[in-house]
Every structure is written in structure tokens, then in C-alpha cells.
Amino acid sequence: GDLGYAGNGTETAWCDFVKERVGTVHPFELIAGNHDDGTADGNILEYRKCLPDKLSITGDYGLEYYFDYQDLTRIILISPDINNYGFDYENGTEHYDWLSARIDEARTADIPWVVVGMHKNCISPGIKTCEIGAELFNLLVEKKVDLILQGHEHGYMRSKQLAFSNSCLEIVINSTDRDCVVDEGTDFAKNVGALLLISGAGGYTLREINLDDPEIGYFDAWNGSNVGNTYGFAKISIQKNRLTSEFIPVKGSFTDEFSITR
């Protein structure tokens with residue numbers, strides 16, 4: 001999301017910028033951010049015209065859809081709290097039920113990995129609050145989604161592995177409940193809990209990490225203007241029995257990596 005945030009120009013100019021670097025065939029799949037809602041910097045409906053779907057997705061491309069990657073991964077992309085085009089994912093809503101069903105389908109089909117991505121955040125040691133809604137985030141933790149992908153924050157933050165139990169019934173916002181943390185470090189086991197990866201250090205000005213944030217206890221790694229001060233991106237590699245991720249620095253020296261083993 002936030003495709004035209006840095007003032008690259010019109011939607012067509014951004015699409016040309018992408019295609020000049022990856023070609024016209026590469027599946028550069030889109031999901032809306034708050035700067036793509038048609039009110040200021042760009043409109044997701046225009047971006048998806050010039051960077052159309054290349055993977056035969058199911059759903060509403062750029063807003064709410066999924067695709068299965070080589071029978072290895074179900075990737076579900078949603079757009080909570082996006083003005084004009086986003087959806088409500090509170091418990092009991094149509095979109096909450098749609099998301100829950102798509103996750104369950106993947107599990108039933110024995111697709112090894114489930115990844116859910118969106119632009120906005122919930123828990124974070126940055127400046128953002130829970131804009132997507134706690135019920136949506138708790139659904140993903142309850143379902144033990146292997147990897148939750150987000151942007152929005154201008155930095156990089158990786159959580160510990162989170163799950164519910166008799167001593168942790170939900171993730172409470174603006175606090176850290178250690179009973180909700182089932183593992184930490186860099187090596188994780190699948191089906192134990194959910195991991196959150198916020199990767200927003202790709203180019204726009206980094207923001208500070210709030211080292212006093214009450215949610216920082218949920219996180220293992222962070223990089224912002226005051227800690228790490230590194231621009232880069234997350235590279236995720238998936239095999240049948242292993243998912244690995246590494247932060248690739250482009251400007252600066254911060255690095256991070258982790259793996260989940262099936």
C-alpha cells in the first residue's frame with residue numbers, strides 16, 4: 001500500500017516506474033494503503049488498471065483477495081480501515097467471516113503456509129495505533145496464521161510468536177501480556193502461534209521506535225530512525241517445510257532474520 005506516497009507522480013508514472021525495473025510480466029500484486037484511497041496521492045482503482053493481476057486471484061484485486069502460490073502458500077490480502085475502498089473486519093461482519101473461511105479452507109486443503117497481508121497496523125512499537133481493529137488481529141492470532149504482513153509504520157518491526165491459551169484469551173491493545181508469548185528469538189515451530197512482520201522501511205523517511213511503548217514486549221526486533229536507522233526490505237522464502245525471512249539492508253547496517261519450521 002501507499003504506492004504513490006513519495007510523490008512519484010500519477011498512478012501511470014508509478015506503474016511505469018515498476019515495470020521499468022521488473023518488466024511487464026512479473027506479478028507485482030497490489031493491496032490498498034491509506035494513501036491509495038483516491039483522496040490525495042493516488043487511487044487503488046487506477047493503480048490496478050496499469051499493474052493488473054498476473055496470478056488469477058480470487059476476490060476483488062487490490063482490495064480483498066487471495067491466491068495459492070505453488071500449492072505451498074495461501075496469501076490473503078485485505079484492506080481494513082481504508083477510506084472509500086476498505087472494509088470492516090469486526091467479528092460477525094461479512095468480511096471477517098470471509099477471511100476466517102479462507103484461512104480454514106487453506107488448512108483443510110493441507111496448504112502448508114498461510115500468510116495474511118494488509119497495509120495498516122494493530123500492535124506496534126512505532127507511532128501507529130490499532131487501526132485495523134483488535135478483533136481482526138485477534139482472529140489472526142487465534143487461527144495461528146503463520147505470518148501476518150503489514151506496512152504503514154515507517155520502520156521494521158518483528159514480533160515474537162503469539163498465541164492464545166487458558167492464561168491468554170486475547171491480545172489486549174496498549175499492553176504486553178507475557179502469557180500471550182509462546183516463543184521468541186529467531187527459530188520458530190509451525191502451528192505454535194502467529195508471527196507479525198511490519199516492513200515499512202522501503203524508502204520514505206523513517207520514524208522513531210518508541211522504546212517505552214507498552215506493546216514493545218510483544219516484539220523481538222525493531223529498526224527505525226533512532227534504532228538501526230536502516231532502509232531496506234523483507235525477503236521471504238518459502239519451501240514445503242520451512243519459511244525464512246531476512247531484512248535486506250539497502251542503506252544502513254541493521255539486519256534481521258528468522259525461520260519457521262514445519
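An account of the accompanying structure is given in this report. (Residues numbered from 1 in each chain as written. Predicted model: local features only at pLDDT ≥ 70, side-chain atom pairs only at ≥ 80, totals over all residues. Heavy atoms only, no water.)

**Here we look at the overall build of the protein**
Argument step 1. Helices and strands together make up the secondary structure of the protein, namely four helices and 14 strands.
Argument step 2. Along the three orthogonal principal directions, the C-alpha set of the protein runs to about 50 × 45 × 35 Å.
Argument step 3. Out of the 262 residues belonging to the protein, those deemed buried represent 47%.
Argument step 4. Long-range contacts, defined here as pairs at least 24 residues apart, represent 66% of the contacts in the protein between residues at least 6 apart. (Helix = DSSP H or I, 4+ residues; strand = E, 2+ residues; numbered from the N terminus. Buried < 20%, exposed > 50% of the residue type's maximum accessible area, 1.4 Å probe, protein only. Contact = heavy atoms within 4.5 Å.)

**Side note on the environment of glutamate 208**
Argument step 1. Mapped onto the elements, glutamate 208 comes out in the loop between strand 10 (195-199) and strand 11 (219-223).
Argument step 2. According to the relative accessible area criterion, glutamate 208 is exposed, its value standing at 52%.
Argument step 3. Residues glutamate 208 and isoleucine 127, 81 residues apart in the sequence, show an inter-C-alpha distance of 7.8 Å.
Argument step 4. Setting aside residues up to four positions removed in sequence, glutamate 208 forms contacts with Gly126, Ile127, Ser225 and Asn226.

**Some thoughts on the pattern of salt bridges**
Argument step 1. In total, this model carries 16 salt bridges according to the counting rule given.
Argument step 2. Glutamate 105 is paired through a salt bridge with arginine 102; the nearest N and O atoms lie 2.7 Å apart. Separated by three residues within a single helix, glutamate 105 and arginine 102 lie in helix 3 (residues 94-108), roughly one turn from each other.
Argument step 3. With a relative accessible area of 33%, glutamate 105 lands in the partly exposed category. (Salt bridge = Lys/Arg side-chain N within 4 Å of Asp/Glu carboxyl O.)

**Quick notes on the sheet that holds strand 13 (residues 242-251)**
Argument step 1. Spatially, the four strands line up as an open sheet ordered 9-14-13-12, and their pairing is mixed. Of all strands in the sheet, those with a lone pairing partner are strand 9 (187-189) and strand 12 (231-239), marking the two edges. For this sheet, the mean angle separating the axes of adjacent strands, direction not counted, is 20°.
Argument step 2. With six bridges joining them, strand 13 and strand 14 (residues 256-261) adopt antiparallel strand pairing. Among the inter-strand pairings, arginine 242 is bridged to a residue of strand 14, identified as threonine 261. (Pairing = 2+ DSSP bridges. Axes fitted to C-alpha atoms, helices over the stretch in contact; angles between N-to-C directions.)

**Here we look at the packing of helix 3 against helix 4 (residues 134-142)**
Argument step 1. Where helix 3 meets helix 4, the closest approach of the two axes is 11 Å, and the angle between their N-to-C directions is 10°. Judged by the angle between their axes, helix 3 and helix 4 are roughly parallel. Each of Tyr96, Leu99, Ser100 and Ile103 in helix 3 lies in contact with helix 4, whose residues at this interface are Glu135, Leu136, Leu139 and Leu140. (Parallel < 35°, antiparallel > 145°, perpendicular 65-115°, else oblique.)

**What to know about helix 4**
Argument step 1. Within helix 4, the full set of buried residues consists of Leu136, Phe137, Asn138, Leu139, Leu140 and Val141.
Argument step 2. Contact partners of the buried residues in helix 4: helix 3, strand 4 (113-117), strand 5 (147-150), strand 7 (161-162) and strand 10.
Argument step 3. Looking one or two residues past helix 4, lysine 144 carries a phi angle of roughly 55°, positive in sign.

**Focus on the nonpolar core**
Argument step 1. With 36 residues, the main nonpolar core has Ile76, Ile78, Leu99, Val116, Phe137 and Leu140 as its most contacted residues.
Argument step 2. Elements represented by at least two residues in this core include exactly helix 3, strand 4, helix 4 and strand 10.
Argument step 3. In contact with phenylalanine 137, other than residues within four places in its own chain, are Cys122, Ile123, Ile132, Ile148, Leu162, Ile171 and Leu196. (Core = buried A, V, L, I, M, F, W, Y, C linked by side-chain atoms within 4.5 Å.)

**With respect to the state of the cysteines**
Argument step 1. Scanning all chains against the criterion turns up three disulfides.
Argument step 2. Here cysteine 122 is linked by a disulfide to cysteine 130, with a sulfur-sulfur distance of 2.1 Å. Between cysteine 122 and cysteine 130, the S-S dihedral sits near -85°, and the bridge is therefore left-handed.
Argument step 3. Between cysteine 168 and cysteine 180 runs a disulfide, and the two sulfur atoms are separated by 1.9 Å. Of note, the bridge from cysteine 168 to cysteine 180 carries an S-S torsion of about 95° and is right-handed in sense. With cysteine 168 in the loop between strand 7 and strand 8 (181-183) and cysteine 180 in the loop between strand 7 and strand 8, the pair connects residues that are 12 residues apart, well separated along the chain.
Argument step 4. On the basis of relative accessibility, which here comes to 0%, the residue cysteine 180 falls in the buried class. (Disulfide = S-S within 2.5 Å.)

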